[in-house]
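Here is how the chains run, residue by residue.
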Amino acid sequence: DSIFPPKVVTPESVTNYAGSAQISVYPNPCSDYFSVTLEKNQRASAVVYDMMGTVVKRYPVLQDRNDCTDLAPGYYILSMVNGKKRINKQLVVRR
């Protein structure tokens, strides 16, 4: 038995860093693709986590249109990295 309870990731537990108010993810919910608008047209890489914290997809460089057809419907955390900044946003996939 562990003295530490398992960590459960929920949308409410996601911390947004680095002025994420200037970051938008759309359309959200998405079904085929999503786009990310970063401040001043910066570039970023991203990792998608499921609600258990498992990496389900990596985007080495976010594009204008990022494919999400291989993600099952549900809630995800899109964790974007730009230099030393990390920004977390909720991503919802619906069909």
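A quick note: this is a predicted structure, and the numbers were derived from the prediction, not measured.

A.B. asks: Residue-level account of the pattern of salt bridges, with values.
C.D. replies: Pairs can form between side chains of opposite charge once their charged atoms are near each other. Counted by the stated rule, this structure contains one salt bridge. For the salt bridge of Lys57 with Asp70, the shortest nitrogen-to-oxygen distance reads 2.9 Å. With Lys57 in strand E4 (residues 55-59) and Asp70 in the loop between strand E5 (66-67) and strand E6 (74-82), this pair connects stretches of sequence that are 13 residues apart. Of the residues examined, Lys57 reaches a relative accessible area of 14% and is grouped as buried. Judged by relative accessible area, Asp70 falls into the exposed class, the value being 51%.

A.B. asks: I'd love a proper account of the pairing of E6, names of residues and values included.
C.D. replies: It is a general feature of regular strands that their side chains alternate between the two faces of the sheet. In terms of residue burial, E6 counts as a mostly covered element, since seven of its nine residues are buried. Sheet analysis places strand E3 (residues 45-49) next to E6, joined by five bridges and oriented antiparallel. Bridge pairing in E6 links Tyr49 to Ile77. In this sheet, strand E7 (residues 85-93) lies alongside E6 in antiparallel orientation, the contact comprising nine bridges. Residue pairing for E7: Ile77 is matched across the bridge by Gln90.

Quick notes on the rules
Residues numbered from 1 in each chain as written. Predicted model: local features only at pLDDT ≥ 70, side-chain atom pairs only at ≥ 80, totals over all residues. Heavy atoms only, no water. Salt bridge = Lys/Arg side-chain N within 4 Å of Asp/Glu carboxyl O. Helix = DSSP H or I, 4+ residues; strand = E, 2+ residues; numbered from the N terminus. Buried < 20%, exposed > 50% of the residue type's maximum accessible area, 1.4 Å probe, protein only. Pairing = 2+ DSSP bridges.

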